[in-house]
Amino acid sequence: MSGVSESIMQKRFGWLVALLLLLASCVLAFQDFRLLALWPSLVALLVVFSLRSAAAGLFVGALAGGILLSEGAFSKIPSILWLDQFWPIFQSEWKLSAIVFTLILGGFVALIEAGGGLQALLKIIIGTSQASAKRMQLAVSGFGLMVFFDGLANTMLVGRLLRTAADRAGVSRVKLAYLADATGSAVACLAFISTWIAFQLSMIREGFAMAGEEVNAYSLFFQSLPTNFYCWFALVMVFVSATRGFNPGPMKRFEEKARLSVSTQLTEESDESSSHWVMAIAPIAVLVFSIPICSYMIGAEKLLPFNLQKFAEAYSIAEKHVPKILVLSSLIASITAAAALLIRYRSVNEISQRRRIGRTFLSGVRDLSGPVCILLAAWMLGSAISQLGAAQYLSEILEGNLPRALLPLAIFITGALISFSTGTSWGTMGVLMPLAIPVIFALTNETETVLRQDMVIAAIGAVFSGAVFGDHCSPFSDTTIVASVAAGVEPLDHVRTQMPFALITAGVAAIFGFVPLGFGLSPFVSLLLGLTLLLLLPSFTRRWTS
């Protein structure tokens with residue numbers, strides 16, 4: 001009873017905090033200084049932590065942004081919220097397709113689980129109970145690396161598909177969310193064939209255009225890969241955590257609780273509850289490979305002869321069709337999963353088959369309707385933050401006289417601040433890349449060709465690293481939200497358990513990566529130093545390990 005009363009009191013306190021912050025927003029709406037651009041983010045953070053509700057916090061933050069944008073004309077607030085923040089979501093092909101893709105993927109996973117093939121596959125992956133937790137985490141990481149072509153698809157597919165298996169293997173849901181999230185954006189940012197690559201290349205070109213130069217963006221992208229320290233170290237941290245049981249901060253408590261409550265349901269299931277593992281692999285393979293195949297077919301002038309360079313160029317050309325490709329691929333995969341389920345239900349009459357499959361698919365869609373509302377609130381807040389100019393305000397710290405050696409570090413920290421405050425990795429790239437490259441041209445002269453080239457490559461890696469940092473720990477990031485809801489945990493729990501991993505990774509990237517890089521050390525030496533430190537880290541911090 002006391003627990004219920006405490007929960008009610010906490011909610012009342014949370015709503016009181018929200019009300020006070022909105023009243024403060026009304027007062028601040030009459031003010032005019034740049035720091036106000038960060039106010040909606042602060043409001044959202046405080047409400048999320050006080051109410052422990054991502055949807056409420058994000059919406060209150062968006063409302064605070066609307067109040068500031070009204071500039072004291074409070075009668076305009078409803079139109080700002082509807083016309084400037086909410087309705088544009090449904091005019092964006094990418095965001096609309098993300099909603100549809102998320103809902104369809106929920107139905108797809110429900111069909112996969114009902115087919116029984118997933119249980120058979122997981123028995124092979126997990127094996128004995130003594131090794132199940134480690135094997136399960138490595139399996140999650142492996143799936144994350146396999147779905148390299150899109151960060152959002154990665155986190156949604158891996159988290160939603162494997163969360164029941166994680167429960168049975170003694171892996172906490174927040175650990176599952178971390179593993180899916182950490183591999184998702186990091187591998188998509190590093191992959192030379194992904195839904196990110198066309199945008200990344202366009203931002204590199206834009207940066208050089210701002211400096212009055214033309215460039216081979218693909219060549220620079222490949223050269224910058226060794227300097228993208230945060231993404232590489234994030235993937236290493238996933239491996240260290242999975243194999244060494246390294247769980248800093250609150251993650252340790254969640255993992256200990258999961259080990260104690262591990263279910264033996266997987267080993268006790270009868271043969272009737274599972275079927276052949278192909279029933280799961282076939283639909284998953286269709287989903288994974290249909291995206292690059294469709295992209296190649298759309299972007300390539302001629303399908304044959306085939307080579308990797310042609311495939312990469314076709315993928316870049318097809319970038320504008322990615323939203324449609326994601327929806328189409330999820331539909332094809334769902335049809336494949338339904339066909340597999342028809343085989344399992346072949347003993348039932350045809351009408352009952354269709355009804356059962358339809359109910360299963362719709363139940364999966366319904367399970368993700370709540371998370372979609374959180375996404376909508378996050379996008380509304382992002383729109384308000386963008387209109388207030390938060391990213392531009394933060395990026396101004398790069399202006400002025402910066403020491404050359406500290407420029408890569410400054411770019412990385414600035415990108416991390418922007419991505420955390422705004423929740424958008426692409427938005428961070430879009431703001432920071434066109435600023436960072438011209439700054440380098442301003443700090444170097446035409447006779448310093450080699451130095452300028454090295455600094456540009458370092459800047460590109462720093463921008464990408466800083467952008468992904470926010471994707472991993474910002475409460476406003478759609479990737480963070482999707483990872484948490486796909487794994488079935490509260491976004492706040494995911495943020496606070498993943499934060500120590502992200503901060504440690506960012507610290508290693510800054511100290512052992514961008515600082516030495518600024519003083520001329522080879523990025524490969526920095527990668528080796530950071531890799532060695534992360535591998536040895538559990539030995540130095542045994543009190544954190546589970």
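Worth saying up front: this structure is predicted, and the values here are computed from it rather than measured.

**Things to note about the confidence of the model for the protein chain**
Mean pLDDT over the protein chain stands at 77; residues scoring 70 or higher make up 79%. Note that pLDDT drops below 50 for residues 263–273; the model gives that stretch 15 contacts with residues more than four away or on any other chain.

**Quick look at a nonpolar patch on the surface**
Taken together, the side chains of Trp82, Leu83, Trp87, Phe90, Leu96 and Val100 make up a nonpolar region of the molecular surface, amounting to roughly 540 Å² of accessible area. Put simply, the parts of the chain that give the nonpolar patch at least two residues each are α4 (77–86) and α5 (93–115).

**Here we look at the environment of Ala282**
In this fold, Ala282 is placed in helix α15 (residues 278–299). A sequence separation of 51 residues divides Ala282 from Ala333, and the C-alpha atoms of the two residues are 8.7 Å apart.

**Notes on the nonpolar core**
Of all hydrophobic cores here, the largest spans 108 residues; its most connected members are Phe108, Ile204 and Tyr230. With near-sequence residues (within four places) excluded, Phe108 lies in contact with Leu157, Pro283, Ile284, Leu287, Ala333, Ser334, Ala337 and Phe361. Counting 37 residues, the second-largest nonpolar core is a separate cluster that includes Ala18, Leu28, Val47 and Leu81.

**Description of helix α9 (residues 173–190)**
With 18 residues, α9 extends 26 Å from end C-alpha to end C-alpha; this agrees with the ideal 26 Å at 1.5 Å per step. Of all 18 residues in α9, 17 are buried; the element is thus mostly enclosed.

**A look at the environment of Ala98**
Tracing the backbone through its elements, the reader meets Ala98 in helix α5. Among the residues examined, Ala98 registers a relative accessible area of 5% and is labelled buried. Distance from Ala98 to Lys324, taken between C-alpha atoms, is 9.6 Å for residues 226 residues apart in sequence.

**A closer look at the packing of aromatic side chains**
The final tally for this structure, using the stated rule, is 12 aromatic pairs. Ring geometry for Tyr230 against Phe469: centres 5.8 Å apart, planes inclined by 75 degrees, an arrangement best described as edge-to-face. Note that Tyr230 is positioned in helix α12 (residues 229–244) and Phe469 in helix α23 (residues 449–473), a separation of 239 residues in sequence. Like Phe469, Tyr230 is buried.

**Focus on helix α26 (residues 523–540)**
Along its 18 residues, α26 runs 25 Å from first to last C-alpha, staying within 8% of the 26 Å computed at 1.5 Å per residue. Largest kink in α26: about 30 degrees, centred on Leu534, with the proline Pro538 one to four residues after it. Where α26 is concerned, the buried positions are Pro523, Ser526, Leu527, Gly530, Leu534, Leu537 and Pro538. Where the residues of α26 are buried, they touch α12 and α25 (491–518).

The rules behind each value
- Residues numbered from 1 in each chain as written.
- Predicted model: local features only at pLDDT ≥ 70, side-chain atom pairs only at ≥ 80, totals over all residues.
- Heavy atoms only, no water.
- pLDDT = per-residue confidence, 0-100.
- Contact = heavy atoms within 4.5 Å.
- Patch = residues over 30% accessible without salt bridge, like charges linked within 9 Å, V, L, I, M, F, W, Y side chains within 5 Å.
- Areas by Shrake-Rupley, 256 points an atom, 1.4 Å probe, with all protein chains shown as cover.
- Salt bridge = Lys/Arg side-chain N within 4 Å of Asp/Glu carboxyl O.
- Helix = DSSP H or I, 4+ residues; strand = E, 2+ residues; numbered from the N terminus.
- Core = buried A, V, L, I, M, F, W, Y, C linked by side-chain atoms within 4.5 Å.
- Buried < 20%, exposed > 50% of the residue type's maximum accessible area, 1.4 Å probe, protein only.
- Expected span 1.5 Å × (residues − 1).
- Phe/Tyr/Trp six-rings, centres within 6.5 Å; stacked < 30°, edge-to-face > 60°.
- Bend = angle between axes of the 7 residues up to and from the residue.

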